[in-house]
Amino acid sequence: QVQLVESGGGLVQPGGSLRLSCAASGLTLDTHSIAWFRQAPGREREGVACVSKIGTTDYADSVKDRFTISRVVANNTVFLQMNSLKPEDTAVYYCAADQSWLLICNMGYKYDYWGQGIQVTVSS
């Protein structure tokens, strides 16, 4: 069974940093794209960042130069380093995975596997 478990969320002040972790089981990062999505109350879910099965990355314009996605293939773990956080970043963050034959990731693609989500709150 595929499982994705997020950790590392919480409350942080504007300008601060958090690192989210996504621990994957039942799949290998060598054959799957992994993406981070987020959703705030009353807003549509949006893609944040993704990493392909060969390690290429993509980011939403709103988080470029502030967030970094990375992975440790041997540990089946994906990270999202979030710096210079803003109140607008407040949301539930989800880790998602999908088997892919492509060499790039795309947050517009359908993702078959999802974690439960973790709260990130940016407030003073």
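For the structure itself, look to the data block above.
Within each chain, residue numbers correspond to sequence positions counted from 1 in written order. The predicted nature of this model means local features are confined to residues of pLDDT at least 70 and side-chain atom pairs, given and counted, to a pLDDT of 80 or more, with totals for whole chains, interfaces and linings taken over all residues. Water and hydrogen atoms play no part in the side-chain values, which are based on all heavy atoms of the structure.

**Student:** Mind showing me how you'd approach the state of the cysteines here?
**Tutor:** Each disulfide consists of one covalent bond between the sulfur atoms belonging to two cysteines. Cysteine sulfur atoms are paired as a disulfide whenever they come within 2.5 Å of each other. The full count for this structure, using the stated rule, is 2 disulfides. Note that cysteine 22 is cross-linked by a disulfide to cysteine 95, the S-S spacing being 2.0 Å. Between cysteine 22 and cysteine 95, the disulfide has an S-S torsion of -75° and is therefore left-handed. Within this pair, whereas cysteine 22 is found in strand S3 (residues 18-25), its partner cysteine 95 is found in strand S9 (residues 91-99), the two being separated by 73 residues in sequence. Under the scheme applied here, a residue whose accessible area is under 20% of the maximum for its type counts as buried, over 50% as exposed, and between as partly exposed, the area being computed with a 1.4 Å probe on protein chains only. Residue cysteine 95 is classed as buried on the basis of its relative accessible area, which comes to 0%. Paired by a disulfide, cysteine 50 and cysteine 105 hold their sulfur atoms 2.1 Å apart. The chirality of the disulfide connecting cysteine 50 with cysteine 105 is right-handed, given an S-S dihedral of about 75°. Remark: cysteine 105 occurs in the loop between S9 and strand S10 (113-114) and cysteine 50 occurs in strand S5 (residues 46-51); sequence separation between them is 55 residues. On the basis of relative accessibility, which here comes to 0%, the residue cysteine 50 falls in the buried class. If you count the bonded cysteines of the protein chain from the N-terminus, they pair up as 1-3, 2-4. Secondary structure elements follow DSSP: runs of H or I of four or more residues count as helices, runs of E of two or more count as strands, with numbering from the N terminus.

**Student:** It is not clear to me how the pairing of strand S7 (residues 67-72) should be interpreted in this structure. Could you clarify?
**Tutor:** A regular strand places its side chains so that they alternate between the two faces of the sheet. When DSSP finds at least two bridges between two strands, those strands are taken to pair. Pairing analysis gives 6 bridges linking S7 to strand S8 (residues 77-82), with the strands arranged antiparallel. In the sheet register, isoleucine 69 faces S8, and the bridge partner there is leucine 80. Between S7 and S8, which pair antiparallel and follow one another directly, the connecting turn spans 4 residues, one of which, asparagine 76, has a positive phi of 55°.

**Student:** Explain the pattern of salt bridges here, please?
**Tutor:** Every case where a carboxyl oxygen of Asp or Glu lies within 4 Å of a side-chain nitrogen of Lys or Arg is listed as a salt bridge. For the coordinates displayed, the defined rule picks out 4 salt bridges. A salt bridge links arginine 38 to aspartate 89, with the shortest nitrogen-to-oxygen separation between them at 2.9 Å. In this pair, arginine 38 sits in strand S4 (residues 32-39) while aspartate 89 sits in the loop between S8 and S9, placing the two residues 51 residues apart along the sequence. Close ionic contact of lysine 64 with aspartate 61 constitutes a salt bridge, the shortest N to O distance being 3.0 Å. What makes lysine 64 partly exposed here is its relative accessible area of 40%.

**Student:** Please clarify how the side chain of serine 21 should be interpreted in this entry.
**Tutor:** Inspection of the secondary structure assignment puts serine 21 in strand S3. Accessibility expressed as a relative area gives 15% for serine 21, which makes it buried. In this analysis, two residues are considered to be in contact whenever any of their non-hydrogen atoms come within 4.5 Å of each other. The contact partners of serine 21, leaving out residues within four places of it in the chain, are Val5, Glu6, Ser7, Trp36, Val78 and Phe79.

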